[in-house]
Amino acid sequence: MARGKKAKPITAAPRAADKPETKRLSNAERSAYFSRREAAKVLRTVLEGDARRRAVGSIKSLIYRPSIRNKKGTFALVCQTLKHLPIIKDVLEAAGLLKGKWKRQEELIYIITYDILFGKAVSLVGDAEVFLMHRKDALQAALAKLLVKKKVKTAQDLVQLYQIPEVSKPRHVRVNTLKIDVDSALLELGRGYMVQKDNLVPDLLILPPGADLHNHPLVTNGSVFMQGKASSMVAAALDPKPGWEVLDACAAPGNKTVHLAALMRGKGKIIACELNKERVNRLKETISLSGATNIKVLHGDFLKFNPKDPSFSKVNAILLDPSCSGSGTASSRLDHLLPSYATGHAADVMDTERLNKLAAFQRKALTHALSFAAVERVVYSTCSIHQIENEDVISSVLPLAASYGFQLSTPFPRWQRRGLPVFEGSQHLLRTDPVEDGEGFFIALFTKNNTVNYPEKQATCKNTPRALRTNRLQNVKKKFVISCTRTKLFHTWLHAKQSRRRRPKTFLEAYDLNESQSTECFTI
Ligand SMILES: C[S@@+](CC[C@H](N)C(=O)[O-])C[C@H]1O[C@@H](n2cnc3c(N)ncnc32)[C@H](O)[C@@H]1O
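Parameters and conventions
- Residues numbered from 1 in each chain as written.
- Predicted model: local features only at pLDDT ≥ 70, side-chain atom pairs only at ≥ 80, totals over all residues.
- Heavy atoms only, no water.
- Helix = DSSP H or I, 4+ residues; strand = E, 2+ residues; numbered from the N terminus.
- Buried < 20%, exposed > 50% of the residue type's maximum accessible area, 1.4 Å probe, protein only.
- Near = heavy atom within 4 Å.
- Nonpolar A, V, L, I, M, F, W, Y, C, P; charged D, E, K, R; others polar.
- Axes fitted to C-alpha atoms, helices over the stretch in contact; angles between N-to-C directions.
- Parallel < 35°, antiparallel > 145°, perpendicular 65-115°, else oblique.
- Contact = heavy atoms within 4.5 Å.

Asks: Please explain unusual backbone geometry as it appears in this structure.
Replies: The phi angle of most residues is negative, glycine excepted, and most peptide bonds adopt the trans form. With an omega dihedral of 5°, the bond running from Ala-252 to Pro-253 counts as a cis peptide bond. Relative to the helices and strands, Pro-253 is located in the loop between strand 5 (245–248) and helix 12 (255–263). A positive phi angle, close to 70°, is found at Asp-203, a residue other than glycine. Checked against the element boundaries, Asp-203 lands in the loop between strand 2 (196–197) and strand 3 (204–207). Phi is positive for Phe-412, which is not a glycine, with a value near 45°. Relative to the helices and strands, Phe-412 resides in the loop between strand 10 (406–409) and strand 11 (430–431). Among the residues examined, Phe-412 registers a relative accessible area of 14% and is labelled buried.

Asks: Explain the site of the ligand to me, please; I cannot follow it from the model alone.
Replies: Looking at the ligand, there are 20 residues lining it, with Lys-256, Glu-274, Arg-279, Asp-301 and Asp-321 nearest. Listed by contribution, the elements that provide at least two residues to the shell around the ligand are helix 12 and strand 6 (269–274). Of the residues that constitute the shell around the ligand, the class distribution is 10 nonpolar, 5 polar and 5 charged.

Asks: Please clarify how the packing of helix 5 (residues 106–117) against helix 7 (residues 136–149) should be interpreted in this entry.
Replies: Any two packed helices are characterised by the angle at which their axes cross and by the distance between the axes. The N-to-C vectors of helix 5 and helix 7 enclose an angle of 80°; their axes lie 11 Å apart at closest approach. The orientation of helix 5 relative to helix 7 falls into the category roughly perpendicular. Counting all contacts with helix 5, which are made through Thr-113, Ile-116 and Leu-117, the residues of helix 7 involved are Lys-136, Leu-139, Gln-140 and Leu-143. Looking at the contact of helix 5 with helix 7 residue by residue, the classes come out as 4 nonpolar, 2 polar and 1 charged.

In C-alpha coordinates form, the structure reads like this:
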(Lines give C-alpha, C1' and ligand atoms only; values in the text may rest on other atoms or scores of the structure.)
Protein backbone atom coordinates (compact mmCIF):
# COMPACT_ATOMS: atom_id res chain seq x y z
CA MET A 1 0.00 0.00 0.00
CA ALA A 2 1.24 3.51 -0.77
CA ARG A 3 2.59 5.44 2.20
CA GLY A 4 0.16 7.75 3.87
CA LYS A 5 -2.91 5.99 2.42
CA LYS A 6 -5.31 4.69 5.04
CA ALA A 7 -6.29 1.00 4.93
CA LYS A 8 -9.82 0.48 3.71
CA PRO A 9 -11.81 -1.03 6.58
CA ILE A 10 -12.90 -4.63 6.04
CA THR A 11 -16.63 -4.86 6.34
CA ALA A 12 -18.98 -7.71 7.03
CA ALA A 13 -21.10 -8.62 4.02
CA PRO A 14 -24.56 -7.10 3.93
CA ARG A 15 -27.31 -9.45 4.96
CA ALA A 16 -30.10 -9.82 2.43
CA ALA A 17 -32.57 -7.77 4.42
CA ASP A 18 -30.06 -5.48 6.10
CA LYS A 19 -28.48 -2.30 4.95
CA PRO A 20 -24.71 -2.52 4.41
CA GLU A 21 -23.03 -2.40 7.78
CA THR A 22 -19.56 -0.96 8.17
CA LYS A 23 -17.80 -2.05 11.31
CA ARG A 24 -14.18 -1.65 12.40
CA LEU A 25 -12.67 -5.04 13.15
CA SER A 26 -10.85 -6.13 16.27
CA ASN A 27 -7.24 -7.32 15.88
CA ALA A 28 -8.32 -10.96 16.31
CA GLU A 29 -10.99 -10.63 13.62
CA ARG A 30 -8.60 -8.90 11.28
CA SER A 31 -5.87 -11.52 11.82
CA ALA A 32 -8.32 -14.42 11.30
CA TYR A 33 -9.69 -12.73 8.16
CA PHE A 34 -6.22 -12.39 6.62
CA SER A 35 -5.11 -15.87 7.73
CA ARG A 36 -8.05 -17.44 5.90
CA ARG A 37 -7.23 -15.51 2.74
CA GLU A 38 -3.53 -16.35 2.91
CA ALA A 39 -4.45 -20.00 3.45
CA ALA A 40 -6.82 -19.85 0.47
CA LYS A 41 -4.05 -18.49 -1.76
CA VAL A 42 -1.67 -21.26 -0.72
CA LEU A 43 -4.41 -23.85 -1.14
CA ARG A 44 -5.12 -22.60 -4.67
CA THR A 45 -1.44 -22.90 -5.67
CA VAL A 46 -1.19 -26.36 -4.12
CA LEU A 47 -4.38 -27.66 -5.76
CA GLU A 48 -3.57 -26.17 -9.16
CA GLY A 49 -0.06 -27.65 -9.04
CA ASP A 50 -1.46 -31.00 -7.99
CA ALA A 51 -4.03 -31.00 -10.80
CA ARG A 52 -1.29 -30.28 -13.36
CA ARG A 53 1.13 -32.66 -11.55
CA ARG A 54 3.55 -29.73 -11.63
CA ALA A 55 3.80 -28.16 -8.20
CA VAL A 56 5.24 -24.64 -7.87
CA GLY A 57 6.41 -25.69 -4.41
CA SER A 58 5.55 -28.05 -1.59
CA ILE A 59 2.88 -27.02 0.91
CA LYS A 60 5.59 -26.26 3.45
CA SER A 61 7.73 -24.23 1.08
CA LEU A 62 4.72 -22.15 0.01
CA ILE A 63 3.76 -21.43 3.58
CA TYR A 64 7.23 -20.57 4.78
CA ARG A 65 7.66 -17.85 2.19
CA PRO A 66 8.44 -14.51 3.78
CA SER A 67 5.17 -13.07 2.38
CA ILE A 68 3.04 -15.31 4.63
CA ARG A 69 2.65 -13.51 7.94
CA ASN A 70 0.90 -16.00 10.21
CA LYS A 71 2.83 -19.12 9.21
CA LYS A 72 1.74 -21.45 11.99
CA GLY A 73 -1.95 -20.59 11.66
CA THR A 74 -1.89 -20.69 7.88
CA PHE A 75 -0.05 -24.03 7.82
CA ALA A 76 -2.57 -25.60 10.21
CA LEU A 77 -5.52 -24.22 8.24
CA VAL A 78 -4.19 -25.46 4.88
CA CYS A 79 -3.28 -28.93 6.20
CA GLN A 80 -6.56 -29.37 8.05
CA THR A 81 -8.60 -28.19 5.08
CA LEU A 82 -6.69 -30.61 2.82
CA LYS A 83 -7.26 -33.46 5.29
CA HIS A 84 -10.99 -32.75 5.25
CA LEU A 85 -11.22 -31.76 1.59
CA PRO A 86 -13.08 -34.82 0.24
CA ILE A 87 -15.71 -34.37 2.96
CA ILE A 88 -15.92 -30.60 2.45
CA LYS A 89 -16.42 -31.04 -1.29
CA ASP A 90 -19.18 -33.62 -0.77
CA VAL A 91 -20.92 -31.39 1.77
CA LEU A 92 -20.76 -28.28 -0.45
CA GLU A 93 -22.03 -30.27 -3.41
CA ALA A 94 -24.95 -31.71 -1.42
CA ALA A 95 -25.82 -28.26 -0.04
CA GLY A 96 -25.54 -26.73 -3.54
CA LEU A 97 -23.41 -23.82 -2.31
CA LEU A 98 -20.50 -23.71 -4.70
CA LYS A 99 -22.00 -21.61 -7.48
CA GLY A 100 -21.52 -18.27 -9.22
CA LYS A 101 -19.02 -15.91 -7.60
CA TRP A 102 -18.32 -18.40 -4.78
CA LYS A 103 -17.20 -21.00 -7.31
CA ARG A 104 -14.50 -18.54 -8.38
CA GLN A 105 -13.29 -18.36 -4.77
CA GLU A 106 -13.67 -22.04 -4.06
CA GLU A 107 -10.45 -22.39 -2.02
CA LEU A 108 -11.64 -19.68 0.37
CA ILE A 109 -15.01 -21.42 0.61
CA TYR A 110 -13.23 -24.71 1.44
CA ILE A 111 -11.22 -23.02 4.19
CA ILE A 112 -14.24 -21.35 5.78
CA THR A 113 -16.35 -24.51 5.51
CA TYR A 114 -13.60 -26.38 7.32
CA ASP A 115 -13.65 -23.74 10.06
CA ILE A 116 -17.43 -23.88 10.40
CA LEU A 117 -17.79 -27.67 10.40
CA PHE A 118 -14.58 -28.87 12.08
CA GLY A 119 -12.61 -25.85 13.33
CA LYS A 120 -13.12 -23.17 15.91
CA ALA A 121 -15.19 -20.90 13.67
CA VAL A 122 -13.97 -17.81 15.50
CA SER A 123 -14.08 -14.28 14.18
CA LEU A 124 -15.92 -15.23 11.01
CA VAL A 125 -16.10 -11.79 9.44
CA GLY A 126 -15.96 -11.08 5.71
CA ASP A 127 -18.41 -11.58 2.85
CA ALA A 128 -17.69 -15.25 2.23
CA GLU A 129 -17.75 -16.03 5.95
CA VAL A 130 -21.13 -14.37 6.42
CA PHE A 131 -22.51 -16.14 3.32
CA LEU A 132 -21.56 -19.53 4.74
CA MET A 133 -22.53 -18.80 8.34
CA HIS A 134 -26.04 -18.05 7.10
CA ARG A 135 -26.07 -21.50 5.56
CA LYS A 136 -24.52 -23.30 8.54
CA ASP A 137 -27.66 -25.44 9.05
CA ALA A 138 -27.58 -26.60 5.43
CA LEU A 139 -23.88 -27.49 5.77
CA GLN A 140 -24.46 -29.44 8.98
CA ALA A 141 -27.46 -31.28 7.50
CA ALA A 142 -25.38 -32.28 4.45
CA LEU A 143 -22.61 -33.54 6.75
CA ALA A 144 -25.10 -35.60 8.78
CA LYS A 145 -26.41 -37.21 5.57
CA LEU A 146 -22.83 -38.02 4.52
CA LEU A 147 -22.16 -39.76 7.85
CA VAL A 148 -25.21 -41.97 7.27
CA LYS A 149 -24.16 -42.69 3.69
CA LYS A 150 -20.60 -43.66 4.74
CA LYS A 151 -21.96 -45.69 7.67
CA VAL A 152 -19.95 -43.86 10.35
CA LYS A 153 -21.12 -42.24 13.57
CA THR A 154 -19.04 -39.09 13.94
CA ALA A 155 -17.26 -36.59 11.73
CA GLN A 156 -13.99 -37.80 13.28
CA ASP A 157 -14.70 -41.36 12.05
CA LEU A 158 -15.26 -39.93 8.60
CA VAL A 159 -11.91 -38.13 8.70
CA GLN A 160 -10.19 -41.34 9.85
CA LEU A 161 -11.36 -43.03 6.66
CA TYR A 162 -9.12 -40.73 4.63
CA GLN A 163 -6.16 -40.39 6.96
CA ILE A 164 -2.68 -41.79 6.48
CA PRO A 165 -0.37 -42.27 9.47
CA GLU A 166 2.44 -39.73 9.75
CA VAL A 167 6.04 -40.85 10.18
CA SER A 168 8.07 -39.13 12.87
CA LYS A 169 11.62 -38.25 11.85
CA PRO A 170 14.42 -36.24 13.42
CA ARG A 171 14.69 -32.66 12.19
CA HIS A 172 17.83 -31.34 10.60
CA VAL A 173 19.02 -27.79 10.26
CA ARG A 174 22.03 -26.62 8.31
CA VAL A 175 24.04 -23.89 9.95
CA ASN A 176 24.63 -21.00 7.58
CA THR A 177 28.29 -20.42 8.42
CA LEU A 178 28.17 -17.11 6.54
CA LYS A 179 26.19 -15.80 9.52
CA ILE A 180 26.99 -17.94 12.55
CA ASP A 181 29.45 -20.68 13.51
CA VAL A 182 28.23 -24.19 14.25
CA ASP A 183 29.03 -24.15 17.97
CA SER A 184 27.18 -20.88 18.56
CA ALA A 185 24.14 -22.19 16.66
CA LEU A 186 24.27 -25.41 18.68
CA LEU A 187 24.39 -23.46 21.92
CA GLU A 188 21.53 -21.19 20.88
CA LEU A 189 19.25 -24.01 19.67
CA GLY A 190 20.29 -26.12 22.66
CA ARG A 191 18.40 -23.71 24.94
CA GLY A 192 15.12 -25.16 23.66
CA TYR A 193 15.96 -28.58 22.26
CA MET A 194 18.28 -31.56 22.49
CA VAL A 195 20.72 -30.81 19.67
CA GLN A 196 23.66 -32.74 18.31
CA LYS A 197 26.04 -32.44 15.37
CA ASP A 198 25.63 -34.79 12.44
CA ASN A 199 28.58 -37.14 12.19
CA LEU A 200 28.77 -37.10 8.42
CA VAL A 201 27.64 -33.80 6.93
CA PRO A 202 29.55 -30.74 8.11
CA ASP A 203 27.51 -27.87 9.59
CA LEU A 204 24.41 -30.02 10.03
CA LEU A 205 22.58 -30.26 13.35
CA ILE A 206 20.06 -32.90 14.43
CA LEU A 207 17.01 -32.02 16.51
CA PRO A 208 14.24 -34.25 17.89
CA PRO A 209 11.21 -35.13 15.72
CA GLY A 210 8.51 -32.50 15.89
CA ALA A 211 10.90 -29.66 16.82
CA ASP A 212 9.13 -26.63 15.34
CA LEU A 213 11.73 -24.08 14.38
CA HIS A 214 9.81 -22.13 11.77
CA ASN A 215 9.55 -19.04 13.92
CA HIS A 216 12.89 -19.45 15.67
CA PRO A 217 14.99 -16.27 15.33
CA LEU A 218 17.95 -18.25 13.91
CA VAL A 219 15.67 -19.48 11.13
CA THR A 220 13.93 -16.20 10.44
CA ASN A 221 17.23 -14.31 10.28
CA GLY A 222 18.89 -16.88 7.99
CA SER A 223 21.49 -18.14 10.48
CA VAL A 224 20.22 -21.68 10.05
CA PHE A 225 18.29 -23.24 7.18
CA MET A 226 15.75 -25.99 7.66
CA GLN A 227 17.31 -28.43 5.25
CA GLY A 228 17.21 -32.22 5.45
CA LYS A 229 20.33 -34.33 5.72
CA ALA A 230 20.09 -35.83 2.23
CA SER A 231 19.55 -32.42 0.64
CA SER A 232 22.54 -31.05 2.56
CA MET A 233 24.76 -33.81 1.20
CA VAL A 234 24.52 -32.50 -2.37
CA ALA A 235 26.57 -29.29 -2.19
CA ALA A 236 28.89 -30.99 0.31
CA ALA A 237 29.50 -33.76 -2.27
CA LEU A 238 30.54 -31.14 -4.83
CA ASP A 239 32.93 -29.81 -2.18
CA PRO A 240 33.60 -26.38 -3.74
CA LYS A 241 36.59 -24.45 -2.47
CA PRO A 242 36.73 -20.75 -1.62
CA GLY A 243 37.62 -18.84 -4.78
CA TRP A 244 36.06 -21.28 -7.25
CA GLU A 245 33.45 -20.42 -9.82
CA VAL A 246 30.46 -22.71 -9.49
CA LEU A 247 27.33 -22.95 -11.63
CA ASP A 248 24.10 -24.04 -9.96
CA ALA A 249 22.17 -25.05 -13.06
CA CYS A 250 18.64 -25.49 -11.64
CA ALA A 251 18.80 -23.33 -8.58
CA ALA A 252 15.42 -22.30 -7.09
CA PRO A 253 14.41 -22.12 -4.33
CA GLY A 254 18.12 -21.88 -3.64
CA ASN A 255 18.82 -24.09 -0.61
CA LYS A 256 21.79 -25.71 -2.29
CA THR A 257 22.93 -22.42 -3.85
CA VAL A 258 23.35 -20.77 -0.47
CA HIS A 259 24.91 -23.94 0.92
CA LEU A 260 27.54 -23.64 -1.84
CA ALA A 261 28.13 -20.03 -0.81
CA ALA A 262 28.67 -21.08 2.80
CA LEU A 263 31.08 -23.87 1.81
CA MET A 264 33.01 -21.35 -0.30
CA ARG A 265 33.06 -19.00 2.71
CA GLY A 266 31.59 -16.30 0.51
CA LYS A 267 34.69 -16.25 -1.71
CA GLY A 268 34.65 -16.91 -5.44
CA LYS A 269 31.56 -16.77 -7.60
CA ILE A 270 28.32 -18.70 -7.91
CA ILE A 271 26.10 -18.43 -10.97
CA ALA A 272 22.58 -19.51 -10.06
CA CYS A 273 20.38 -20.30 -13.04
CA GLU A 274 16.61 -20.72 -12.87
CA LEU A 275 14.06 -21.10 -15.66
CA ASN A 276 10.85 -20.30 -13.83
CA LYS A 277 10.28 -16.58 -13.24
CA GLU A 278 8.25 -16.98 -10.07
CA ARG A 279 10.88 -19.30 -8.66
CA VAL A 280 13.60 -16.77 -9.52
CA ASN A 281 11.97 -14.50 -6.93
CA ARG A 282 12.09 -17.30 -4.36
CA LEU A 283 15.73 -17.86 -5.21
CA LYS A 284 16.49 -14.18 -4.65
CA GLU A 285 14.66 -14.25 -1.31
CA THR A 286 16.72 -17.25 -0.16
CA ILE A 287 19.96 -15.60 -1.25
CA SER A 288 19.11 -12.36 0.49
CA LEU A 289 18.21 -14.26 3.69
CA SER A 290 21.53 -16.12 3.58
CA GLY A 291 23.58 -12.93 3.39
CA ALA A 292 25.65 -14.33 0.50
CA THR A 293 27.01 -11.61 -1.77
CA ASN A 294 28.86 -13.67 -4.38
CA ILE A 295 25.84 -15.16 -6.19
CA LYS A 296 24.76 -13.96 -9.62
CA VAL A 297 21.21 -14.99 -10.52
CA LEU A 298 20.45 -15.75 -14.16
CA HIS A 299 16.84 -16.15 -15.22
CA GLY A 300 17.04 -18.53 -18.17
CA ASP A 301 17.22 -22.02 -19.57
CA PHE A 302 20.38 -23.85 -18.57
CA LEU A 303 20.12 -25.99 -21.70
CA LYS A 304 20.53 -22.83 -23.79
CA PHE A 305 23.71 -21.69 -22.04
CA ASN A 306 26.59 -21.92 -24.45
CA PRO A 307 29.41 -23.86 -22.74
CA LYS A 308 31.90 -21.98 -24.95
CA ASP A 309 30.66 -18.56 -23.81
CA PRO A 310 33.63 -16.76 -22.21
CA SER A 311 31.49 -15.96 -19.16
CA PHE A 312 31.59 -19.67 -18.27
CA SER A 313 35.25 -20.22 -19.12
CA LYS A 314 36.27 -20.20 -15.46
CA VAL A 315 33.48 -22.37 -14.09
CA ASN A 316 35.19 -25.17 -12.13
CA ALA A 317 32.16 -27.07 -10.94
CA ILE A 318 28.47 -27.56 -11.68
CA LEU A 319 25.69 -28.54 -9.32
CA LEU A 320 22.81 -30.02 -11.30
CA ASP A 321 19.67 -30.65 -9.26
CA PRO A 322 17.09 -30.78 -12.07
CA SER A 323 13.31 -31.02 -11.84
CA CYS A 324 12.35 -34.56 -10.88
CA SER A 325 9.32 -36.54 -9.79
CA GLY A 326 10.02 -35.71 -6.14
CA SER A 327 8.98 -39.24 -5.23
CA GLY A 328 11.65 -39.40 -2.52
CA THR A 329 10.21 -36.48 -0.56
CA ALA A 330 6.50 -37.14 -1.10
CA SER A 331 5.79 -37.78 2.58
CA SER A 332 7.74 -34.80 3.92
CA ARG A 333 6.02 -32.61 1.33
CA LEU A 334 2.69 -33.79 2.76
CA ASP A 335 1.70 -35.18 -0.63
CA HIS A 336 -0.55 -37.69 1.08
CA LEU A 337 -2.88 -34.77 1.75
CA LEU A 338 -3.28 -33.96 -1.93
CA PRO A 339 -6.27 -35.07 -3.99
CA SER A 340 -3.99 -36.83 -6.50
CA TYR A 341 -2.75 -39.14 -3.76
CA ALA A 342 -6.23 -40.47 -3.10
CA THR A 343 -6.77 -41.09 -6.80
CA GLY A 344 -3.49 -42.99 -7.09
CA HIS A 345 -1.70 -40.38 -9.19
CA ALA A 346 0.80 -39.24 -6.58
CA ALA A 347 4.46 -38.96 -7.42
CA ASP A 348 5.42 -42.45 -6.30
CA VAL A 349 2.89 -44.07 -8.60
CA MET A 350 3.45 -41.52 -11.29
CA ASP A 351 2.66 -42.40 -14.86
CA THR A 352 5.50 -43.71 -16.97
CA GLU A 353 5.03 -41.01 -19.58
CA ARG A 354 5.89 -38.23 -17.14
CA LEU A 355 8.83 -40.15 -15.73
CA ASN A 356 10.18 -40.71 -19.24
CA LYS A 357 9.87 -36.99 -20.00
CA LEU A 358 11.63 -36.04 -16.78
CA ALA A 359 14.39 -38.57 -17.42
CA ALA A 360 14.90 -37.24 -20.96
CA PHE A 361 15.32 -33.70 -19.57
CA GLN A 362 17.63 -34.88 -16.80
CA ARG A 363 19.83 -36.74 -19.30
CA LYS A 364 19.98 -33.69 -21.56
CA ALA A 365 20.86 -31.39 -18.68
CA LEU A 366 23.57 -33.73 -17.39
CA THR A 367 25.07 -34.15 -20.86
CA HIS A 368 25.10 -30.37 -21.17
CA ALA A 369 26.75 -29.89 -17.75
CA LEU A 370 29.54 -32.32 -18.64
CA SER A 371 30.34 -30.35 -21.80
CA PHE A 372 31.66 -27.19 -20.06
CA ALA A 373 35.37 -27.32 -20.83
CA ALA A 374 36.85 -25.95 -17.59
CA VAL A 375 34.50 -27.90 -15.34
CA GLU A 376 36.19 -30.61 -13.32
CA ARG A 377 33.44 -31.62 -10.91
CA VAL A 378 29.75 -32.16 -11.59
CA VAL A 379 27.20 -33.25 -9.03
CA TYR A 380 23.90 -34.64 -10.26
CA SER A 381 21.12 -35.07 -7.71
CA THR A 382 17.42 -35.83 -7.53
CA CYS A 383 14.90 -36.31 -4.76
CA SER A 384 13.46 -39.26 -6.61
CA ILE A 385 13.48 -42.95 -5.80
CA HIS A 386 13.02 -44.01 -9.42
CA GLN A 387 15.86 -45.82 -11.17
CA ILE A 388 14.86 -44.19 -14.47
CA GLU A 389 15.70 -40.71 -13.07
CA ASN A 390 18.80 -41.92 -11.25
CA GLU A 391 21.01 -44.88 -12.20
CA ASP A 392 19.59 -45.01 -15.75
CA VAL A 393 20.44 -41.34 -16.37
CA ILE A 394 23.98 -41.85 -15.09
CA SER A 395 24.68 -45.04 -17.03
CA SER A 396 23.37 -43.46 -20.24
CA VAL A 397 25.90 -40.59 -20.08
CA LEU A 398 28.94 -42.62 -18.96
CA PRO A 399 30.56 -43.09 -22.41
CA LEU A 400 30.20 -39.39 -23.18
CA ALA A 401 31.44 -38.44 -19.71
CA ALA A 402 34.51 -40.64 -20.22
CA SER A 403 35.19 -39.00 -23.59
CA TYR A 404 35.36 -35.62 -21.78
CA GLY A 405 37.72 -37.13 -19.20
CA PHE A 406 35.13 -37.58 -16.43
CA GLN A 407 34.83 -40.58 -14.15
CA LEU A 408 32.43 -41.40 -11.34
CA SER A 409 33.78 -40.61 -7.88
CA THR A 410 32.44 -41.69 -4.51
CA PRO A 411 30.78 -38.95 -2.47
CA PHE A 412 30.66 -39.72 1.27
CA PRO A 413 32.50 -43.06 1.06
CA ARG A 414 31.42 -43.92 4.64
CA TRP A 415 27.71 -43.80 3.64
CA GLN A 416 26.39 -47.35 3.28
CA ARG A 417 23.46 -46.95 0.90
CA ARG A 418 24.86 -46.81 -2.63
CA GLY A 419 23.33 -46.93 -6.14
CA LEU A 420 21.20 -49.83 -7.33
CA PRO A 421 23.57 -52.46 -8.76
CA VAL A 422 22.40 -52.08 -12.34
CA PHE A 423 25.74 -51.23 -13.97
CA GLU A 424 29.40 -51.56 -13.13
CA GLY A 425 30.41 -48.50 -11.13
CA SER A 426 27.02 -47.95 -9.48
CA GLN A 427 28.72 -48.45 -6.08
CA HIS A 428 30.04 -44.88 -6.52
CA LEU A 429 26.49 -43.52 -6.49
CA LEU A 430 24.73 -42.49 -3.31
CA ARG A 431 21.14 -43.13 -2.34
CA THR A 432 19.14 -42.22 0.74
CA ASP A 433 16.00 -44.09 1.67
CA PRO A 434 12.68 -42.27 2.24
CA VAL A 435 11.79 -44.44 5.24
CA GLU A 436 15.18 -45.21 6.80
CA ASP A 437 16.76 -41.81 6.15
CA GLY A 438 13.65 -39.64 6.04
CA GLU A 439 14.04 -38.60 2.39
CA GLY A 440 14.83 -40.47 -0.82
CA PHE A 441 17.68 -38.65 -2.56
CA PHE A 442 20.16 -39.70 -5.20
CA ILE A 443 23.64 -38.21 -5.74
CA ALA A 444 26.25 -38.87 -8.42
CA LEU A 445 29.62 -37.15 -8.53
CA PHE A 446 31.66 -36.84 -11.72
CA THR A 447 35.26 -35.71 -11.51
CA LYS A 448 37.73 -35.15 -14.31
CA ASN A 449 40.68 -37.50 -14.49
CA ASN A 450 43.02 -34.60 -13.89
CA THR A 451 41.06 -33.22 -10.95
CA VAL A 452 43.26 -32.46 -8.02
CA ASN A 453 41.51 -33.66 -4.90
CA TYR A 454 43.06 -31.38 -2.36
CA PRO A 455 42.84 -32.60 1.16
CA GLU A 456 41.45 -30.01 3.54
CA LYS A 457 43.44 -26.85 4.07
CA GLN A 458 45.94 -27.81 1.38
CA ALA A 459 47.29 -25.26 -1.05
CA THR A 460 45.22 -24.66 -4.14
CA CYS A 461 46.71 -25.10 -7.58
CA LYS A 462 47.57 -21.43 -7.75
CA ASN A 463 49.72 -21.87 -4.66
CA THR A 464 51.54 -24.92 -5.89
CA PRO A 465 54.42 -23.15 -7.71
CA ARG A 466 55.04 -21.27 -4.49
CA ALA A 467 55.08 -24.54 -2.69
CA LEU A 468 57.64 -25.69 -5.20
CA ARG A 469 59.77 -22.63 -4.67
CA THR A 470 59.76 -23.09 -0.92
CA ASN A 471 60.88 -26.66 -1.25
CA ARG A 472 57.66 -28.16 -0.01
CA LEU A 473 57.40 -30.33 -3.06
CA GLN A 474 57.59 -33.64 -1.27
CA ASN A 475 55.00 -32.57 1.24
CA VAL A 476 52.57 -31.37 -1.41
CA LYS A 477 53.14 -34.43 -3.54
CA LYS A 478 52.19 -36.77 -0.72
CA LYS A 479 48.93 -34.97 -0.20
CA PHE A 480 47.83 -35.30 -3.82
CA VAL A 481 45.51 -38.13 -4.61
CA ILE A 482 47.94 -39.81 -6.92
CA SER A 483 45.54 -41.50 -9.30
CA CYS A 484 44.07 -38.33 -10.72
CA THR A 485 46.66 -35.61 -10.61
CA ARG A 486 48.92 -36.27 -13.54
CA THR A 487 47.93 -33.44 -15.85
CA LYS A 488 47.88 -30.77 -13.15
CA LEU A 489 51.20 -31.97 -11.74
CA PHE A 490 52.65 -31.75 -15.17
CA HIS A 491 51.55 -28.16 -15.61
CA THR A 492 52.89 -27.35 -12.17
CA TRP A 493 56.21 -28.89 -13.09
CA LEU A 494 56.30 -27.06 -16.42
CA HIS A 495 55.47 -23.80 -14.69
CA ALA A 496 58.29 -24.34 -12.19
CA LYS A 497 60.64 -25.30 -15.00
CA GLN A 498 59.78 -22.22 -17.02
CA SER A 499 60.10 -19.98 -13.99
CA ARG A 500 63.74 -21.19 -13.82
CA ARG A 501 63.57 -21.42 -10.07
CA ARG A 502 63.85 -25.14 -10.09
CA ARG A 503 64.83 -27.46 -12.90
CA PRO A 504 63.88 -31.03 -12.36
CA LYS A 505 65.27 -33.34 -14.99
CA THR A 506 62.07 -35.02 -15.95
CA PHE A 507 58.51 -34.81 -14.84
CA LEU A 508 58.42 -38.34 -13.46
CA GLU A 509 61.72 -37.87 -11.69
CA ALA A 510 60.61 -34.60 -10.18
CA TYR A 511 57.58 -36.20 -8.66
CA ASP A 512 59.08 -39.56 -7.91
CA LEU A 513 56.47 -41.29 -10.04
CA ASN A 514 56.95 -44.51 -11.93
CA GLU A 515 55.63 -45.19 -15.43
CA SER A 516 52.69 -47.23 -14.23
CA GLN A 517 51.46 -44.36 -12.08
CA SER A 518 51.36 -42.08 -15.06
CA THR A 519 48.35 -42.74 -17.23
CA GLU A 520 49.24 -40.01 -19.69
CA CYS A 521 52.51 -40.20 -21.56
CA PHE A 522 54.54 -37.01 -21.43
CA THR A 523 57.46 -36.67 -23.79
CA ILE A 524 59.57 -33.77 -22.69
C1 LIG B 1 14.60 -29.65 -7.93
S2 LIG B 1 14.43 -27.96 -8.19
C3 LIG B 1 15.97 -27.34 -7.60
C4 LIG B 1 16.04 -27.22 -6.12
C5 LIG B 1 17.23 -26.41 -5.67
N6 LIG B 1 18.47 -26.99 -6.17
C7 LIG B 1 17.32 -26.30 -4.16
O8 LIG B 1 17.98 -27.12 -3.54
O9 LIG B 1 16.72 -25.39 -3.58
C10 LIG B 1 14.64 -27.82 -9.91
C11 LIG B 1 14.56 -26.40 -10.40
O12 LIG B 1 15.04 -26.38 -11.75
C13 LIG B 1 14.30 -25.45 -12.49
N14 LIG B 1 14.48 -25.78 -13.92
C15 LIG B 1 13.84 -26.71 -14.66
N16 LIG B 1 14.30 -26.72 -15.92
C17 LIG B 1 15.28 -25.79 -15.99
C18 LIG B 1 16.12 -25.33 -17.04
N19 LIG B 1 16.06 -25.84 -18.26
N20 LIG B 1 17.00 -24.34 -16.77
C21 LIG B 1 17.07 -23.81 -15.52
N22 LIG B 1 16.28 -24.20 -14.48
C23 LIG B 1 15.39 -25.18 -14.72
C24 LIG B 1 12.91 -25.64 -11.96
O25 LIG B 1 12.09 -24.53 -12.24
C26 LIG B 1 13.17 -25.84 -10.47
O27 LIG B 1 13.13 -24.61 -9.81
